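What the coordinates show
So the chains spell out like this:
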Amino acid sequence: MSDAKTAENPSKSANSRKIAVDVQGASKIFGTGADRVAALDNVSVTIAENEFFTLLGPSGCGKTTLLRLIAGFEQPTAGQILLEGQDISSLPPYARPVNTVFQNYALFPHMTVAGNIAFGLEMLGKPKAEIKQTVAAMLKLVRMEDLANRKTSQISGGQQQRVALARALAPRPKVLLLDEPLSALDLKLRKEMQIELKRLQHETGITFIFVTHDQEEALTMSDRIAVMSKGKILQVGSPREIYDHPAERFVANFIGETNFLEGERTKKGVKLANGVELAVSLPEGLAGKSQVTIVIRPEHARLTARAKTGLPGILRHVVFFGTDTHYHVDLDACGEFIVREQNNRGAAPAFKAGDKVSIAIGENAAQMLRD
Amino acid sequence: MARRFSVTSQPGFVFLAMLTFFLLYLPVATLVFYSFNAGVSVAIWEGFSLRWYHTAMANEAVQEAALRSAFIAFIAAIIATISATMAAIATTRTPEYPGLTFKYAFINQPLMVPEIVTAVALLIVFSRIKIWTDYSGLGYLIAAHTAFCIPFAYLPIRARLESMDLTLERAAADLYATPFQAFRRITLPLLWPGIIAGFMLAFVTSLDDVVITEFVKSGGQETLPTYMLGQLRRSVTPEINAISTIFLGISVLFVTIFFLISRKKN
Ligand SMILES: Nc1ncnc2c1ncn2[C@@H]1O[C@H](COP(=O)(O)OP(=O)(O)O)[C@@H](O)[C@H]1O
Ligand SMILES: [Mg+2]
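Summary of the structure given here. Small disclaimer: the values here were computed from a predicted structure and weren't measured. (Residues numbered from 1 in each chain as written. Chains lettered and ligands numbered in written order. Predicted model: local features only at pLDDT ≥ 70, side-chain atom pairs only at ≥ 80, totals over all residues. Heavy atoms only, no water.)

**Some thoughts on the overall build of chain B**
To be explicit about the condition: Helix numbers and strand numbers start at the N terminus; a helix is a DSSP run of H or I with at least 4 residues, a strand a run of E with at least 2. Only C-alpha atoms enter the radius of gyration, while the globule expectation follows 2.2 Å times N to the 0.38, with N the number of residues. The classification of residues rests on relative accessible area computed with a 1.4 Å probe and restricted to protein chains. Under 20% of the type maximum is buried, over 50% is exposed, and intermediate values are partly exposed. Note on contacts: a residue pair is in contact if any heavy atoms of the two residues lie within 4.5 Å. To measure how exposed things are, a 1.4 Å probe is used in the Shrake-Rupley method; for residues, cover is taken only from the protein chains shown. Counting rule for charge: Lys and Arg are taken as positive, Asp and Glu as negative, and neither His nor the chain ends is counted. By convention, the point assigned to a charge is CZ for Arg, NZ for Lys, CD for Glu and CG for Asp.
Counting its secondary structure elements, chain B contains 11 helices and zero strands. The helix and strand sequence of chain B, counted from the amino end, reads α-α-α-α-α-α-α-α-α-α-α. Scaling as 2.2 N^0.38, a compact globule of 266 residues should have a C-alpha radius of gyration of about 18 Å, whereas chain B reaches 23 Å, well beyond that. Considering chain B as a whole, with its 266 residues, one finds that 40% of them fall into the buried category. Long-range pairs, those at least 24 residues apart, make up 71% of the contacts in chain B with a sequence separation of at least 6. Accessible surface, chain B: about 15300 Å² in total, of which carbon and sulfur atoms supply 72%. Across chain B, 19 positive and 15 negative side-chain charges occur, with their mean positions spaced 8 Å apart.

**Section: the sheet that holds strand β20 (residues 367-368) of chain A**
Stated formally: What makes two strands pair is DSSP finding at least two bridges between them.
In spatial order, the strands read β13-β12-β11-β14-β20 (chain A); together these five strands make up an open sheet with antiparallel pairing. With one partner strand each, in any of the chains shown, β13 (277-278) and β20 of chain A form the two edges of the open sheet.

**What to know about the side chain of A:N116**
Residues and elements named next belong to chain A. Worth spelling out the cut-off: Whenever a nitrogen or oxygen atom comes within 3.5 Å of another N or O atom, the pair is scored as a polar contact, on the condition that within protein one atom can donate a hydrogen and the other can accept it, and that pairs from neighbouring residues in sequence are kept only if both atoms are in side chains.
Checked against the element boundaries, N116 lands in helix α3 (residues 113-123). Judged by relative accessible area, N116 falls into the buried class, the value being 0%. Among the polar contacts listed, one links the side chain of N116 to the backbone nitrogen of F108, at a separation of 2.8 Å. Residue contacts for N116: discarding those within four places in its chain leaves L107, F108, M111, T152, V163 and R167.

**As for the site of ligand 1**
All names here are of chain A. Under the convention used in this document: Note on terminology: near, applied to a residue and a molecule or strand, indicates that one of the residue's heavy atoms is within 4 Å of it.
Lining the immediate surroundings of ligand 1 are F30, V37, A39, P58, S59, G60, C61, G62, K63, T64 and T65. Contact between ligand 1 and T65: an oxygen atom at 2.5 Å from a side-chain N or O atom of the residue. Against a free-state accessible area of 560 Å², the protein chains account for coverage of 62% of ligand 1. Every element with two or more residues in the shell around ligand 1 is listed here: β2 (37-48) and α2 (63-71). For the shell around ligand 1, the leading source of residues is α2, giving three residues.

**Things to note about unusual backbone geometry**
Working note: non-glycine residues mostly have negative phi, and peptide bonds are mostly trans. Residues and elements named next belong to chain A. The phi dihedral of E84 is positive, around 45°, even though this residue is not glycine. By the element assignment, E84 lies in the loop between β4 (78-83) and β5 (86-87). Owing to a relative accessible area of 36%, E84 belongs among the partly exposed residues under this scheme. Of note, N364 is a non-glycine position whose phi angle comes to about 65°, a positive value. Within the secondary structure, N364 is located in the loop between β19 (356-361) and β20.

This is the structure:
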């Protein structure tokens, strides 16, 4: 229990594959003087070939700006963008083998569904027969064969979404950029399209860079996630790494629910205000400060009757959520802590408000934050 | 519950509205009415007849002036529309820079300069050019009409470009279209309604012009409006009403088409 270990190196899985996109120290400054906004601040990230990579962060954190730099709609103020090892920073959008699915779909209103899908291929100067074949294949891929000759204004939002996907996939880009493509859809359709997107990525083998502000969407769909805030990438890792081992307060807060505890660093781990010492996982790039914060997910802890081990406290509220129950515990000298336990059919909760309890922390459950 | 204030429910509203419409259209209605007069007076009704329409159609001076008007309006509107389209693209599709608002105002300046000032200025400049070049054809009228038609063509085209979703052009570039291809395949087809509307407005504006034409035209270059003005100085018969009514019909047709086109979305 005593050896503190570093969270898995998040780029390990990427190194074994070829790199599709390599963003090196990219910054984007808009405006000057008082209007100056650093939409991206020295961002570096590598995205592997055939990866489903997600940029996750709140509105205004720079996700769209990063996509635009990769697509070529904006020029970086500093830094470089490499596509399969080649610097593409100076290429105009039409010379980059990268396609975008726009947030509002941006379908050409004066063309049919098939016309939209054929557009990229026509611009690439592909022969007529090949275009026809590819368009048919794309229509089949997104299950829109019947609507090939409809105007894009005569189909539903979900169908427009599929056309936008087919149009962007038809030229077989090296990388597909998707800017919050599901945010305009209702919940049911969104769930359907999430599965559809995963299938399309699997069938085409194209690298997807997917933007969302929805943490659940990011966790369920991605191979890896980059969590962004205020123009910076705070952490990159698999959904599990990001969820289990958040490196910063922002990441821990943004994704899922969590308990924060303050303590002092010791050789073994972290000593809390109530004297209990916990083994913790350490984040990358940890500075040598002594006062630290640790996080523990509510479901990574268990409630027990008052015992010698664990964190002692008084149970204040029991909140029933259907699938699980939340126990709000007032810890001695350490603030409030929430424990989440799965409900079993027929079993009544073993504790009630006012009970003296202890919280048992699971192995590897405590994660120290960088900040 | 207090009723919301509504201007249409105020006492006398209906009466006032009717009166306004009546006063607005009374002169025009009278003019149209007497164009069908069988007699020679524009004020005393002597029964229905298409006599003055026949007279007007058969009048060679009217035919000539009408054709000249149409010719000038057509050429001027085409040149103005092309210039206005290029100006509209340049002023809506370049990233903002300090002089842009100034340029926008500059393009629309002809709308602000009193027409009589433009007319006098053109008269002076053109008379010089006439002496130097010895050319006295329709070119002067066409040039003058083109100049004052440009802002009329510019406004609907610019409005159309501004309301166009910019991500469409971005999507075209993303799908390997060069800037020229993106313009030809995406921007231009979506801009057509604006261009046609701009052309219509420019055409009607040119067709209707009196002041500048009166100052700029050389001998024997009557347009329909200046011919009509000349006629009014002499004797007035319902022939002028008939010509006006036809003119009115054409203008209404064009302006209606303009409204239908500019209201159409995508
Ligand atoms: N063209 C622009 N001009 C000025 N500021 C911009 C521009 N584009 C984006 N920004 C600013 O950059 C920041 C990041 O924007 P964006 O990349 O669109 O965020 P996100 O897509 O994550 O919501 C925001 O503060 C936004 O206001
Ligand atoms: Mg965005």
